[in-house]
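Below, each chain spelled out in residue letters.
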Amino acid sequence: MLTIGDLARHCGTTPKAIRLYHRKGLLPEPERAANGYRLYGAGALIRLQRIRGMRDLGLPLSRIRDLLDGQAAGLREALGELRSELDEQAALIARKRSALDQLLRDNRDPELPAGLGAALATLEAAGLPAAVLNRDKEDLLLVIALADDPAATTAQLTAMYETLTAAPNLSRYVELSHRFAALADGGHDPAELDRLARDYTDFVLAALPGLDRADALSDSGTDFHEITGEHDESTLGPAQFAVLSAVQENLAAHLIPASPGGNGRHGQAVATPPAGWPTTGS
(Lines give C-alpha, C1' and ligand atoms only; values in the text may rest on other atoms or scores of the structure.)
Protein backbone atom coordinates (compact mmCIF):
# COMPACT_ATOMS: atom_id res chain seq x y z
CA MET A 1 0.00 0.00 0.00
CA LEU A 2 1.14 3.55 -0.72
CA THR A 3 1.00 6.61 1.47
CA ILE A 4 -0.21 9.89 -0.06
CA GLY A 5 3.41 11.00 -0.38
CA ASP A 6 4.36 7.79 -2.20
CA LEU A 7 1.37 8.16 -4.54
CA ALA A 8 2.24 11.76 -5.31
CA ARG A 9 5.86 10.87 -6.04
CA HIS A 10 4.97 8.02 -8.40
CA CYS A 11 2.54 10.24 -10.38
CA GLY A 12 4.63 13.41 -10.45
CA THR A 13 2.21 15.47 -8.42
CA THR A 14 1.82 16.68 -4.83
CA PRO A 15 -0.17 15.57 -1.79
CA LYS A 16 -1.97 18.93 -1.96
CA ALA A 17 -3.18 18.16 -5.49
CA ILE A 18 -4.32 14.70 -4.44
CA ARG A 19 -6.34 16.18 -1.57
CA LEU A 20 -7.94 18.54 -4.10
CA TYR A 21 -8.91 15.57 -6.29
CA HIS A 22 -10.50 13.99 -3.23
CA ARG A 23 -12.55 17.14 -2.51
CA LYS A 24 -13.64 17.44 -6.17
CA GLY A 25 -14.77 13.81 -6.27
CA LEU A 26 -12.20 12.68 -8.85
CA LEU A 27 -10.32 10.33 -6.53
CA PRO A 28 -12.20 8.32 -3.93
CA GLU A 29 -11.04 8.56 -0.34
CA PRO A 30 -8.99 5.41 0.48
CA GLU A 31 -8.90 3.31 3.58
CA ARG A 32 -6.87 4.67 6.46
CA ALA A 33 -4.29 2.93 8.58
CA ALA A 34 -4.55 2.72 12.36
CA ASN A 35 -2.50 5.89 12.60
CA GLY A 36 -5.00 7.75 10.39
CA TYR A 37 -2.82 7.92 7.29
CA ARG A 38 -4.41 7.33 3.91
CA LEU A 39 -3.30 4.16 2.17
CA TYR A 40 -3.60 3.75 -1.61
CA GLY A 41 -3.55 0.68 -3.81
CA ALA A 42 -3.07 0.00 -7.51
CA GLY A 43 -6.53 1.30 -8.45
CA ALA A 44 -5.81 4.72 -6.98
CA LEU A 45 -2.45 4.85 -8.75
CA ILE A 46 -4.06 4.07 -12.11
CA ARG A 47 -6.88 6.55 -11.60
CA LEU A 48 -4.49 9.30 -10.55
CA GLN A 49 -2.35 8.65 -13.62
CA ARG A 50 -5.46 9.08 -15.78
CA ILE A 51 -6.36 12.29 -13.99
CA ARG A 52 -2.88 13.67 -14.44
CA GLY A 53 -2.83 12.74 -18.12
CA MET A 54 -6.15 14.49 -18.82
CA ARG A 55 -5.08 17.53 -16.80
CA ASP A 56 -1.92 17.78 -18.88
CA LEU A 57 -4.12 17.86 -22.00
CA GLY A 58 -5.96 20.83 -20.57
CA LEU A 59 -9.28 19.28 -19.61
CA PRO A 60 -11.04 20.89 -16.63
CA LEU A 61 -11.55 18.90 -13.45
CA SER A 62 -15.32 18.83 -13.86
CA ARG A 63 -14.99 17.23 -17.31
CA ILE A 64 -12.38 14.78 -16.09
CA ARG A 65 -14.70 13.61 -13.33
CA ASP A 66 -17.45 12.91 -15.85
CA LEU A 67 -15.05 11.06 -18.13
CA LEU A 68 -13.71 8.93 -15.30
CA ASP A 69 -17.22 8.00 -14.23
CA GLY A 70 -18.43 7.28 -17.76
CA GLN A 71 -20.93 10.16 -17.67
CA ALA A 72 -19.58 11.92 -20.76
CA ALA A 73 -18.55 11.04 -24.29
CA GLY A 74 -15.22 9.37 -24.86
CA LEU A 75 -11.88 11.07 -24.36
CA ARG A 76 -11.31 11.65 -28.09
CA GLU A 77 -14.61 13.47 -28.41
CA ALA A 78 -13.80 15.52 -25.31
CA LEU A 79 -10.44 16.42 -26.80
CA GLY A 80 -12.13 17.46 -30.04
CA GLU A 81 -14.39 19.79 -28.09
CA LEU A 82 -11.39 21.13 -26.20
CA ARG A 83 -9.62 21.76 -29.49
CA SER A 84 -12.60 23.78 -30.71
CA GLU A 85 -12.57 25.82 -27.51
CA LEU A 86 -8.85 26.45 -27.91
CA ASP A 87 -9.41 27.56 -31.51
CA GLU A 88 -11.97 30.09 -30.29
CA GLN A 89 -9.59 31.30 -27.61
CA ALA A 90 -6.80 31.58 -30.15
CA ALA A 91 -9.02 33.68 -32.42
CA LEU A 92 -9.90 35.93 -29.48
CA ILE A 93 -6.25 36.29 -28.55
CA ALA A 94 -5.41 37.15 -32.16
CA ARG A 95 -8.07 39.88 -32.18
CA LYS A 96 -6.81 41.29 -28.89
CA ARG A 97 -3.22 41.17 -30.13
CA SER A 98 -4.20 43.01 -33.29
CA ALA A 99 -6.03 45.66 -31.25
CA LEU A 100 -3.01 46.07 -28.97
CA ASP A 101 -0.67 46.37 -31.95
CA GLN A 102 -2.91 49.08 -33.39
CA LEU A 103 -2.94 50.92 -30.07
CA LEU A 104 0.84 50.82 -29.90
CA ARG A 105 1.19 52.03 -33.49
CA ASP A 106 -1.27 54.88 -32.97
CA ASN A 107 0.16 55.84 -29.58
CA ARG A 108 -3.36 56.61 -28.38
CA ASP A 109 -4.94 56.32 -24.96
CA PRO A 110 -6.31 52.77 -24.59
CA GLU A 111 -8.82 53.79 -21.92
CA LEU A 112 -10.86 55.90 -24.34
CA PRO A 113 -12.89 54.95 -27.42
CA ALA A 114 -10.68 54.78 -30.50
CA GLY A 115 -11.54 58.16 -32.05
CA LEU A 116 -11.24 60.05 -28.79
CA GLY A 117 -8.01 58.31 -27.86
CA ALA A 118 -6.53 59.28 -31.21
CA ALA A 119 -7.69 62.89 -30.78
CA LEU A 120 -6.06 63.20 -27.38
CA ALA A 121 -2.85 61.72 -28.79
CA THR A 122 -2.90 64.49 -31.41
CA LEU A 123 -3.44 67.11 -28.72
CA GLU A 124 -0.59 65.71 -26.65
CA ALA A 125 1.74 65.80 -29.65
CA ALA A 126 0.68 69.40 -30.34
CA GLY A 127 1.75 70.46 -26.85
CA LEU A 128 -1.50 70.56 -24.89
CA PRO A 129 -0.60 71.06 -21.20
CA ALA A 130 -0.56 67.78 -19.30
CA ALA A 131 -3.03 69.06 -16.70
CA VAL A 132 -5.56 70.06 -19.37
CA LEU A 133 -5.02 66.82 -21.27
CA ASN A 134 -5.73 64.82 -18.13
CA ARG A 135 -8.90 66.85 -17.43
CA ASP A 136 -10.05 66.33 -21.01
CA LYS A 137 -9.68 62.59 -20.53
CA GLU A 138 -11.47 62.59 -17.18
CA ASP A 139 -14.28 64.75 -18.54
CA LEU A 140 -14.76 62.50 -21.55
CA LEU A 141 -14.98 59.42 -19.35
CA LEU A 142 -17.39 61.23 -17.03
CA VAL A 143 -19.71 62.52 -19.76
CA ILE A 144 -19.86 59.15 -21.50
CA ALA A 145 -20.58 57.33 -18.23
CA LEU A 146 -23.44 59.70 -17.37
CA ALA A 147 -24.98 59.86 -20.84
CA ASP A 148 -28.41 58.40 -21.51
CA ASP A 149 -27.04 57.02 -24.79
CA PRO A 150 -23.27 56.44 -24.38
CA ALA A 151 -22.78 55.31 -27.99
CA ALA A 152 -24.45 58.39 -29.43
CA THR A 153 -22.63 60.68 -27.01
CA THR A 154 -19.30 59.05 -27.89
CA ALA A 155 -19.99 59.65 -31.57
CA GLN A 156 -20.81 63.32 -30.91
CA LEU A 157 -17.73 63.83 -28.75
CA THR A 158 -15.54 62.14 -31.35
CA ALA A 159 -16.82 64.44 -34.08
CA MET A 160 -16.23 67.43 -31.79
CA TYR A 161 -12.65 66.48 -31.04
CA GLU A 162 -11.88 65.66 -34.65
CA THR A 163 -12.90 69.24 -35.44
CA LEU A 164 -10.80 70.66 -32.62
CA THR A 165 -7.70 68.76 -33.69
CA ALA A 166 -7.93 69.89 -37.32
CA ALA A 167 -6.25 73.04 -38.64
CA PRO A 168 -6.63 75.89 -37.84
CA ASN A 169 -8.42 74.99 -34.60
CA LEU A 170 -5.63 72.88 -33.11
CA SER A 171 -3.07 75.63 -32.54
CA ARG A 172 -5.67 78.02 -31.14
CA TYR A 173 -7.05 75.37 -28.82
CA VAL A 174 -3.57 74.59 -27.49
CA GLU A 175 -2.85 78.29 -26.97
CA LEU A 176 -6.09 78.84 -25.01
CA SER A 177 -5.42 75.72 -22.97
CA HIS A 178 -2.00 77.02 -21.96
CA ARG A 179 -3.62 80.23 -20.76
CA PHE A 180 -6.19 78.21 -18.82
CA ALA A 181 -3.50 75.99 -17.25
CA ALA A 182 -1.54 79.06 -16.18
CA LEU A 183 -4.45 80.12 -13.95
CA ALA A 184 -3.84 77.23 -11.59
CA ASP A 185 -1.45 79.28 -9.43
CA GLY A 186 -4.14 81.93 -8.73
CA GLY A 187 -3.69 85.67 -8.21
CA HIS A 188 -4.83 86.77 -11.67
CA ASP A 189 -6.45 90.04 -12.65
CA PRO A 190 -10.22 89.76 -13.18
CA ALA A 191 -9.87 91.46 -16.56
CA GLU A 192 -7.51 88.69 -17.63
CA LEU A 193 -10.07 86.10 -16.63
CA ASP A 194 -12.79 87.93 -18.58
CA ARG A 195 -10.62 88.06 -21.69
CA LEU A 196 -9.88 84.36 -21.54
CA ALA A 197 -13.56 83.51 -21.01
CA ARG A 198 -14.56 85.64 -24.01
CA ASP A 199 -11.74 84.30 -26.19
CA TYR A 200 -12.58 80.73 -25.34
CA THR A 201 -16.31 81.27 -25.89
CA ASP A 202 -15.65 82.84 -29.30
CA PHE A 203 -13.36 79.97 -30.22
CA VAL A 204 -15.84 77.25 -29.24
CA LEU A 205 -18.73 78.89 -31.06
CA ALA A 206 -16.63 79.39 -34.20
CA ALA A 207 -15.00 75.96 -34.16
CA LEU A 208 -18.12 74.06 -33.09
CA PRO A 209 -21.13 75.73 -34.71
CA GLY A 210 -23.25 72.70 -33.81
CA LEU A 211 -23.42 73.96 -30.23
CA ASP A 212 -26.25 76.30 -31.19
CA ARG A 213 -28.43 73.45 -32.41
CA ALA A 214 -31.15 71.78 -30.39
CA ASP A 215 -29.46 68.43 -30.95
CA ALA A 216 -26.29 69.50 -29.17
CA LEU A 217 -25.05 67.18 -26.47
CA SER A 218 -27.63 66.85 -23.71
CA ASP A 219 -27.04 65.82 -20.14
CA SER A 220 -28.66 63.07 -18.11
CA GLY A 221 -30.46 65.02 -15.40
CA THR A 222 -29.65 65.82 -11.80
CA ASP A 223 -26.83 63.30 -11.41
CA PHE A 224 -25.07 64.83 -14.39
CA HIS A 225 -25.07 68.33 -12.89
CA GLU A 226 -24.11 67.21 -9.41
CA ILE A 227 -21.28 64.91 -10.41
CA THR A 228 -19.71 67.14 -13.06
CA GLY A 229 -20.03 70.13 -10.74
CA GLU A 230 -18.33 68.22 -7.95
CA HIS A 231 -15.54 67.23 -10.33
CA ASP A 232 -15.00 70.83 -11.47
CA GLU A 233 -14.84 72.20 -7.93
CA SER A 234 -12.46 69.50 -6.72
CA THR A 235 -9.99 69.70 -9.63
CA LEU A 236 -9.85 73.40 -10.59
CA GLY A 237 -8.29 76.40 -8.92
CA PRO A 238 -10.52 79.39 -8.08
CA ALA A 239 -9.45 81.40 -11.14
CA GLN A 240 -9.94 78.41 -13.44
CA PHE A 241 -13.36 77.72 -11.96
CA ALA A 242 -14.34 81.37 -12.48
CA VAL A 243 -13.36 81.19 -16.16
CA LEU A 244 -15.16 77.87 -16.56
CA SER A 245 -18.34 79.32 -15.07
CA ALA A 246 -18.17 82.36 -17.36
CA VAL A 247 -17.65 80.19 -20.44
CA GLN A 248 -20.55 77.97 -19.47
CA GLU A 249 -22.84 80.98 -19.04
CA ASN A 250 -21.71 82.46 -22.34
CA LEU A 251 -22.30 79.21 -24.21
CA ALA A 252 -25.67 78.63 -22.56
CA ALA A 253 -26.80 82.06 -23.76
CA HIS A 254 -26.15 81.01 -27.37
CA LEU A 255 -28.14 77.78 -27.20
CA ILE A 256 -31.66 77.62 -28.55
CA PRO A 257 -34.32 75.74 -26.57
CA ALA A 258 -34.41 72.00 -26.98
CA SER A 259 -37.57 70.11 -27.87
CA PRO A 260 -40.16 69.59 -25.07
CA GLY A 261 -39.10 66.97 -22.57
CA GLY A 262 -35.41 67.40 -23.37
CA ASN A 263 -32.83 66.74 -20.70
CA GLY A 264 -31.18 70.15 -20.76
CA ARG A 265 -31.48 72.44 -17.78
CA HIS A 266 -34.31 74.99 -18.19
CA GLY A 267 -35.31 73.21 -21.40
CA GLN A 268 -31.99 73.87 -23.15
CA ALA A 269 -29.53 71.54 -24.71
CA VAL A 270 -26.28 71.48 -22.79
CA ALA A 271 -23.06 72.47 -24.49
CA THR A 272 -20.09 70.26 -23.87
CA PRO A 273 -17.00 72.34 -24.65
CA PRO A 274 -13.57 70.73 -24.48
CA ALA A 275 -10.46 71.79 -22.54
CA GLY A 276 -11.65 70.21 -19.34
CA TRP A 277 -14.89 72.21 -19.39
CA PRO A 278 -17.54 69.56 -19.97
CA THR A 279 -20.94 70.99 -19.16
CA THR A 280 -23.06 74.02 -18.44
CA GLY A 281 -24.49 72.07 -15.51
CA SER A 282 -21.93 73.09 -12.87
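Residues numbered from 1 in each chain as written. Predicted model: local features only at pLDDT ≥ 70, side-chain atom pairs only at ≥ 80, totals over all residues. Heavy atoms only, no water.

Novice: Describe the overall build of the protein chain, naming the residues involved and giving the relevant values.
Specialist: Looking only at helices and strands, the protein chain has 12 helices and zero strands in total. When the elements of the protein chain are put in sequence order from the N terminus, they spell out α-α-α-α-α-α-α-α-α-α-α-α. Expressed as a percentage of its 282 residues, the buried residues of the protein chain come to 40%. Residue pairs at least 24 apart in sequence account for 62% of intrachain contacts in the protein chain once pairs closer than 6 positions are excluded. Here the protein chain displays about 15000 Å² of accessible surface, and carbon together with sulfur accounts for 53% of that area. (Helix = DSSP H or I, 4+ residues; strand = E, 2+ residues; numbered from the N terminus. Buried < 20%, exposed > 50% of the residue type's maximum accessible area, 1.4 Å probe, protein only. Contact = heavy atoms within 4.5 Å. Areas by Shrake-Rupley, 256 points an atom, 1.4 Å probe, with all protein chains shown as cover.)

Novice: Could you give an account of helix α9 (residues 169-181), with specific residues and numbers?
Specialist: Residues spaced three or four apart along an α-helix point in a common direction, a consequence of the helix completing one turn every 3.6 residues. The terminal C-alpha atoms of α9, which comprises 13 residues, lie 18 Å apart, in line with the 18 Å expected from a rise of 1.5 Å per residue. Residues of α9 that are buried include every one of N169, L170, Y173, V174, L176, S177 and F180, and no others. Burial along α9 is one-sided: seen end-on, the buried residues are contained in an arc of 165 degrees. (Expected span 1.5 Å × (residues − 1). Arc of directions from axis to C-beta.)

Novice: Would you mind going over the packing of α9 against helix α10 (residues 190-207) in detail, with residue names and values included?
Specialist: The N-to-C vectors of α9 and α10 enclose an angle of 155 degrees; their axes lie 11 Å apart at closest approach. As summarised for this structure, α9 and α10 are arranged roughly antiparallel, according to the angle between their axes. With respect to the hand of their crossing, α9 and α10 are arranged in left-handed fashion. Here α9 contributes N169, R172, Y173, L176, R179 and F180 to the contact with α10, which in turn contributes R195, L196, D199, Y200, F203 and A207. Across the contact of α9 with α10, the residue classes tally to seven nonpolar, one polar and four charged. (Axes fitted to C-alpha atoms, helices over the stretch in contact; angles between N-to-C directions. Parallel < 35°, antiparallel > 145°, perpendicular 65-115°, else oblique. Left-handed = near helix turned anticlockwise from the far one by under 90°. Nonpolar A, V, L, I, M, F, W, Y, C, P; charged D, E, K, R; others polar.)

Novice: Residues and numbers for the packing of aromatic side chains, please.
Specialist: Note on aromatic pairs: each is described by the distance of the centres and the angle between the planes. Applying the stated criterion across every chain, the model contains two aromatic pairs. Between the aromatic rings of Y173 and F203, the centroid separation amounts to 6.2 Å while the plane-to-plane angle is 10 degrees, which identifies the pairing as stacked. Separated by 30 residues along the polypeptide, Y173 in helix α9 and F203 in helix α10 bring together distant segments of the chain. Residue classification places Y173 among the buried positions, given a relative accessible area of 0%. Take F203: its relative accessible area is 7%, and that puts it in the buried class. (Phe/Tyr/Trp six-rings, centres within 6.5 Å; stacked < 30°, edge-to-face > 60°.)

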